[in-house]
Amino acid sequence: MPEPLWLVRPRPDGGCDYVSFQVQPAVEAAANHVVEIREGSHLPPQMPLLKRRHRLDPVEAERCRQRLQQEGGFRCSDPLF
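These numbers were taken from a predicted model, which means no experiment stands behind them.

Let's shift gears to the sheet that holds strand β5 (residues 75-77). Reading across from one edge, β4-β3-β2-β1-β5 is the order of the five strands in this open sheet, with antiparallel pairing throughout. Either end of the sheet is taken by a strand with one partner, and the two such strands are β4 (49-56) and β5. Neighbour-to-neighbour, the strand axes of this sheet turn through a mean angle of 25°, independent of strand direction. As defined by bridge partners, strand β1 (residues 5-10) adjoins β5 across three bridges and the pair is classed as antiparallel. Paired with L7 across the strands is C76, a residue of β5.

Right, dumping it as structure tokens:
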């Protein structure tokens, strides 16, 4: 998974929903890395709204990315902010 990766889905009100994936160093010595996933929405010129933040191992994060793109209507994007 490239880092960071942004997925965006437009909304009817002119804003968008976003999900960003960023690889983070693992907290535990035994693990290699974790992927922090941030989900939110953005309606310029307002500040972005962070709705959910969680961490997954890289394999689960890749599954999440695929599901969002295939079933959720998200597309790869440049960073929003």
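Time to look at the nonpolar core. It is characteristic of soluble globular proteins that their nonpolar side chains tend to be buried jointly. The biggest cluster of nonpolar side chains holds eleven residues, and these are L5, L7, V19, F21, V35, I37, L56, A61, C64, L68 and F74. Residue assignment for this core shows that the elements contributing at least two residues are β1, β2 (16-25), β3 (33-42) and α1 (58-71). Here this core takes three residues from α1, the largest share from any one element. Apart from residues lying up to four places away in sequence, C64 is in contact with F21, I37 and L56.

We now examine the confidence of the model for the protein. When pLDDT is averaged along the protein, the result is 89; 90% of the residues meet or exceed 70. At the level of individual helices and strands, the protein shows its lowest average pLDDT in β2, which scores 91, and its highest in β1, which scores 95.

Successive side chains on a regular strand alternate, one facing one side of the sheet and the next facing the other. The buried fraction of β3 is high, at seven of ten residues. Examined bridge by bridge, β2 and β3 share ten bridges and lie antiparallel to one another. Considered in β3, the bridge of V19 is made with E39. Hairpin remark: β3 followed by β4, antiparallel, with six residues in the connecting loop.

What follows concerns α1. Taking 1.5 Å per residue as the helical rise, α1 with its 14 residues ought to reach 20 Å, and the 20 Å between its terminal C-alpha atoms agrees with that figure. Of all the residues in α1, the buried ones are A61, C64, R65, L68 and Q69. One face of α1 carries all of its buried residues, which in axial projection span an arc of 125°. Of the exposed residues in α1, those oriented more than 90 degrees away from the buried face are V59, R63, Q70 and E71. Taken together, the buried residues of α1 touch β1, β2, β3, β4 and β5. One side-chain oxygen of the residue at the start of α1 lies 3.0 Å from the amide nitrogen of V59, identifying that residue as D57. Directly beyond the C-terminal end of α1, a positive phi value near 80° is found at G73.

What counts and what doesn't
- Residues numbered from 1 in each chain as written.
- Predicted model: local features only at pLDDT ≥ 70, side-chain atom pairs only at ≥ 80, totals over all residues.
- Heavy atoms only, no water.
- Pairing = 2+ DSSP bridges.
- Helix = DSSP H or I, 4+ residues; strand = E, 2+ residues; numbered from the N terminus.
- Axes fitted to C-alpha atoms, helices over the stretch in contact; angles between N-to-C directions.
- Core = buried A, V, L, I, M, F, W, Y, C linked by side-chain atoms within 4.5 Å.
- Buried < 20%, exposed > 50% of the residue type's maximum accessible area, 1.4 Å probe, protein only.
- Contact = heavy atoms within 4.5 Å.
- pLDDT = per-residue confidence, 0-100.
- Expected span 1.5 Å × (residues − 1).
- Arc of directions from axis to C-beta.
- Polar contact = N/O pair within 3.5 Å; in protein donor to acceptor, adjacent residues only side chain to side chain.

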